[in-house]
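In case you want the letters, here they are:
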Amino acid sequence: MPGVRTLDLASRIGPELIALRRELHQIPELGLELPLTQQAVLEALAGLDLEVTTGTGLSSVVAVLRGRGGDRSADRPVVLLRGDMDALPVTEDLPLDHVSRHPGLMHACGHDLHVAGLVGAARILHELRDDLEGDVVFMFQPGEEGPGGAEPMVREGLLEVAGRPVDAAYALHVYSSEHPLGTWFGRPGPLMAASDEVGVRVVGAGGHGSQPFRAKDPIPVACEIVLALQTMVTRAFDVFDPVVITVGKFAGGTKDNIIPDDAVFEATVRSLSEEARAQVSRRIEQVATGIAEAHGLAVEVTHLPGYPVTVNDPDEYAFAKATIVDLFGEGRYTHQRDPEMGSEDFSFVGQLVPSAYVNLSACPVEDHEHAPDNHSPRADFDDSVVPDGAALLAELALRRLADLSSRRRRP
Ligand SMILES: [Zn+2]
Ligand SMILES: [Zn+2]
């Protein structure tokens, strides 16, 4: 039976992994500096034969496990497994014994389950290291919810830490709603959007509200640009390669009878391909400049690039899905029809290494349709799925390393 050993080991250490998750749940931390979480990870990995390093510009943890199985030639494959560690500025509203002890902070996106699952994968693979035909890099990443920890970790040498480049990478995410507990879901190709920020400042000339012809009123011009952006999205982009622009902030002026000097707005821009992403930022600039000029005003457009598109490599995804079905049965997998317009900075790894990212429902209630979503103060995650997450990550590494090393042995 495939996967029996990983499932067995996962269920044996399950209670300890769940205890670790509950410990982490009480100490949520934000952003790139997560000292308590980092400490908990280091303690959980202590005693395992791993090469552990910590980040310089952020409190990441990277651990390398050297497999002792298969051919011992120099060109041994390397697989990366990732778990993000950060929490959110949300005040927890759940009646839990292990409720957050940090006021205003909560593991509302389930990253505490990811950390516990990745620790579990490290323990399982350590136990099975005589059969591991290559090396495994464990990536414990801060800052997924912002400002982004994956990119600095890549810059600090994550993908070369084993001495050879990473051949494939895997990650998973838990969800508190939408699917029955224990359901795995995902899709090949684009899975999550690129997320960028655009700021627009329309520069006019202030004056008296009663004499607009003597001023250059930036407010109607800014309004026109906001509406024209929506028209632009529907006319300039293929509906099958969608783009979303949402202006979430709009500001200008102080009083009804004063024309201000300028008006500003900020938009989030989502796209599902690098082509659409590049095109939308050019088009925004074009529309804003053209409209402002038509009215004799100027415009300043600033682009703040965020996370790239998260794309599941078709082969890696097919492999991950087959592994899920082998371990947990066909009934626990659901195909995800559409990508999500949310974003994820594992995409910085996915841009460089063929990778697969899968989702797992940790919804604790029967009525999954109406359960509070991730990021809600009432988002609740059933941590009984943590051992399953650990088993899947471990099995992906075991199988992929065996497969890659057998391909390399062939002439
Ligand atoms: Zn989140
Ligand atoms: Zn998340």
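Remember, predicted model here, so these are calculated numbers, not experimental data.

Draft legend 1. Representation of the sheet that holds strand β8 (residues 194–203). Strand order in this open sheet of four strands is β10-β12-β8-β13, and the pairing throughout is antiparallel. Edge positions in the open sheet fall to β10 (243–252) and β13 (298–307), since each of these has one partner strand only. Strand-to-strand twist across the sheet, computed as the mean angle between neighbouring axes with direction ignored, equals 15°. Here helix α5 (residues 218–236) sits on the sheet and contacts β8, β10, β12 (262–271) and β13; the angle it forms with β10, its principal contact strand, is near 170°. Packed on one face of the sheet, helix α6 (residues 274–294) meets β8, β10, β12 and β13 and runs near 165° to β13.

Draft legend 2. Spatial organisation of the coordination of the zinc ion (ligand 2). Protein-derived coordination of the zinc ion (ligand 2) comes from Cys109 (SG), His111 (NE2) and His173 (NE2), at a distance range of 2.1 to 2.4 Å. Donor residues for the zinc ion (ligand 2), ordered by position in the chain, follow C-x1-H-x61-H. Taken as an interatomic distance, the gap from the zinc ion (ligand 2) to the zinc ion (ligand 1) is 3.1 Å; Cys109 donates to each of them. Separated by 62 residues along the polypeptide, His111 in helix α3 (residues 111–127) and His173 in strand β5 (residues 168–175) bring together distant segments of the chain. Like His111, the residue His173 is buried in the burial classification.

Draft legend 3. Spatial organisation of the packing of aromatic side chains. The tally for this structure, following the rule as stated, stands at six aromatic pairs. With centroids separated by 5.9 Å and ring planes inclined at 40°, the aromatic side chains of Phe346 and Tyr357 adopt a geometry described as tilted. Note that Phe346 is positioned in the loop between β15 (333–335) and α8 (347–350) and Tyr357 in strand β16 (residues 355–361), a separation of eleven residues in sequence. Accessibility classification places Phe346 together with Tyr357 in one group, the buried group. Sitting above the plane of the Phe319 ring, Arg400 keeps its charged end 4.4 Å from the centroid.

Draft legend 4. Expanded view of a negative patch on the surface. A cluster of acidic residues, Glu178, Glu366, Asp367, Glu369 and Asp373, forms a negative patch on the protein surface. On the basis of relative accessible area, Glu178 is assigned to the partly exposed category, the value being 49%.

Draft legend 5. Broad picture of the side chain of Ser355. Within the element layout of this structure, Ser355 appears in strand β16. Among the residues examined, Ser355 registers a relative accessible area of 3% and is labelled buried. With sequence-adjacent residues up to four places away left out, Ser355 is seen in contact with Ala169, Val311, Asn312, Asp313, Glu316, Phe346 and Gly350.

Draft legend 6. Focus on the coordination of the zinc ion (ligand 1). Every protein donor of the zinc ion (ligand 1) is accounted for by Cys109 (SG), Glu145 (OE) and His375 (NE2), and the metal-donor separations fall at 2.0 to 2.3 Å. For the zinc ion (ligand 1), all donor residues lie on one chain, and their spacing in sequence is C-x35-E-x229-H. Owing to a relative accessible area of 27%, Glu145 belongs among the partly exposed residues under this scheme.

Draft legend 7. Up close: the layout of surface pockets. The calculated volume of the largest pocket comes to roughly 800 Å³. Every residue lining the largest pocket is counted, 36 residues in all, and those nearest its centre are Glu144, Glu145, Gly342, Ser343 and Glu344. Where the lining of the largest pocket is concerned, the elements lending two or more residues are α4 (150–155), β5, β8, β12 and β13. Considering each element in turn, the lining of the largest pocket owes the most residues, four residues, to β13. Of the residues assigned to the lining of the largest pocket, the class counts are eleven nonpolar, 14 polar and eleven charged.

Criteria and cut-off values
- Residues numbered from 1 in each chain as written.
- Chains lettered and ligands numbered in written order.
- Predicted model: local features only at pLDDT ≥ 70, side-chain atom pairs only at ≥ 80, totals over all residues.
- Heavy atoms only, no water.
- Pairing = 2+ DSSP bridges.
- Helix = DSSP H or I, 4+ residues; strand = E, 2+ residues; numbered from the N terminus.
- Axes fitted to C-alpha atoms, helices over the stretch in contact; angles between N-to-C directions.
- Contact = heavy atoms within 4.5 Å.
- Donors = N, O, S within 2.8 Å, 3.2 Å for Na, K, Ca; no water.
- Buried < 20%, exposed > 50% of the residue type's maximum accessible area, 1.4 Å probe, protein only.
- Phe/Tyr/Trp six-rings, centres within 6.5 Å; stacked < 30°, edge-to-face > 60°.
- Lys NZ or Arg CZ within 6 Å of the ring centre and 35° of its normal.
- Patch = residues over 30% accessible without salt bridge, like charges linked within 9 Å, V, L, I, M, F, W, Y side chains within 5 Å.
- Areas by Shrake-Rupley, 256 points an atom, 1.4 Å probe, with all protein chains shown as cover.
- Salt bridge = Lys/Arg side-chain N within 4 Å of Asp/Glu carboxyl O.
- Lys, Arg positive; Asp, Glu negative; His and termini not counted.
- Charge placed at Lys NZ, Arg CZ, Asp CG, Glu CD.
- 1 Å grid on protein atoms, 1.4 Å probe; cavity = no way out; pocket = protein on both sides within 12 Å on 5 of 7 lines; lining within 4 Å.
- Points joined across faces, edges and corners; volume = space filled by probe spheres on them.
- Nonpolar A, V, L, I, M, F, W, Y, C, P; charged D, E, K, R; others polar.

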